[in-house]
Amino acid sequence: MRQFWVSLVLLLTMVVLLVWNSFWLEDLITPMEVDLAQGAAAAQMGDWEQVEILTQRATERWKGNQRHLRLVQIHGEIDEVSALLGELEGTLSVGEVGEYLAANRRAGEKLDSLHRTEQISLENLF
């Protein structure tokens, strides 16, 4: 009977950590998606100063959470998002709206994909 209770406690601990990580990741990614969307709108209006601020804020948020991300996410996905955000920052120096919007879209789609795979849903459980 003791083994049952130990197993149950371990299972519940894992479920709690899973739920906590899902909410943590949502709190990380949602503001980044908002920043990228606002950056795209600012780029279309030609406000490159605002674009740079929003892009750097999203990138710094991502980089600031690397330690936790490396513990709970697949490293390839983390590296891919990091590369896409680096590419996005690289397009700032060019100042080309089309290039920035394309890089912004790729980074946003990858963040959205990462967000969807970590959400707790029947689709992800089965």
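Residues numbered from 1 in each chain as written. Predicted model: local features only at pLDDT ≥ 70, side-chain atom pairs only at ≥ 80, totals over all residues. Heavy atoms only, no water.

**Here we look at the packing of helix H4 (residues 75-94) against helix H5 (residues 97-118)**
And step 1. Two elements in contact, H4 and H5, have axes separated by 9 Å at closest approach and are oriented at 160°. Judged by the angle between their axes, H4 and H5 are roughly antiparallel. You can see that H4 and H5 cross each other, and the crossing is left-handed. On the side of H4, the interface is formed by Glu77, Glu80, Val81, Leu84, Leu85, Glu87, Leu88, Thr91, Leu92 and Val94, while H5 contributes Glu99, Tyr100, Ala103, Asn104, Arg106, Ala107, Lys110, Leu111 and Leu114.
And step 2. Of the residues that constitute the contact of H4 with H5, the class distribution is 11 nonpolar, 2 polar and 6 charged. (Axes fitted to C-alpha atoms, helices over the stretch in contact; angles between N-to-C directions. Helix = DSSP H or I, 4+ residues; strand = E, 2+ residues; numbered from the N terminus. Parallel < 35°, antiparallel > 145°, perpendicular 65-115°, else oblique. Left-handed = near helix turned anticlockwise from the far one by under 90°. Contact = heavy atoms within 4.5 Å. Nonpolar A, V, L, I, M, F, W, Y, C, P; charged D, E, K, R; others polar.)

**Concerning the confidence of the model for the protein chain**
And step 1. Considering every residue of the protein chain, the mean pLDDT works out to 90; 95% of them sit at 70 or more.
And step 2. Considering each helix and strand of the protein chain separately, the mean pLDDT is smallest for helix H6 (residues 122-125), with a value of 63, and largest for helix H2 (residues 48-64), with 95. (pLDDT = per-residue confidence, 0-100.)

**A closer look at the side chain of threonine 55**
And step 1. Residue position: threonine 55 is located in helix H2.
And step 2. At 2.7 Å, the side chain of threonine 55 and the side chain of tyrosine 100 are in polar contact.
And step 3. In contact with threonine 55, not counting residues within four places along its chain, are Leu88, Glu89, Leu92 and Tyr100. (Polar contact = N/O pair within 3.5 Å; in protein donor to acceptor, adjacent residues only side chain to side chain.)

**What to know about a nonpolar patch on the surface**
And step 1. Taken together, the side chains of Met1, Phe4 and Trp5 make up a nonpolar region of the molecular surface, amounting to roughly 410 Å² of accessible area.
And step 2. Note that phenylalanine 4 resides in helix H1 (residues 2-45). (Patch = residues over 30% accessible without salt bridge, like charges linked within 9 Å, V, L, I, M, F, W, Y side chains within 5 Å. Areas by Shrake-Rupley, 256 points an atom, 1.4 Å probe, with all protein chains shown as cover. Salt bridge = Lys/Arg side-chain N within 4 Å of Asp/Glu carboxyl O.)

**Looking at the nonpolar core**
And step 1. Leu25, Leu28, Met32, Trp62, Leu69, Leu85 and Leu111 are the most contacted members of the largest nonpolar core, which totals 23 residues.
And step 2. Sorting the residues of this core by element identifies H1, H2, H4 and H5 as the ones contributing at least two each.
And step 3. Looking at this core element by element, the count peaks at 8 residues for H1.
And step 4. The residues contacting tryptophan 62, other than those within four sequence positions of it, are Leu28, Met32, Leu69, Ile78, Val81, Ser82, Leu85, Leu111 and Leu114. (Core = buried A, V, L, I, M, F, W, Y, C linked by side-chain atoms within 4.5 Å. Buried < 20%, exposed > 50% of the residue type's maximum accessible area, 1.4 Å probe, protein only.)

**Let's talk about H2**
And step 1. With 17 residues, H2 should reach 24 Å at 1.5 Å per residue; the first-to-last C-alpha distance of 24 Å fits that figure.
And step 2. Burial in H2 covers these residues: Val51, Leu54, Thr55, Ala58, Thr59 and Trp62. For H2, the angular spread of the buried residues around the axis is 130°, confining them to a single face. Residues of H2 that are exposed and point over 90 degrees away from its buried face: Glu49, Glu60, Lys63 and Gly64. (Expected span 1.5 Å × (residues − 1). Arc of directions from axis to C-beta.)

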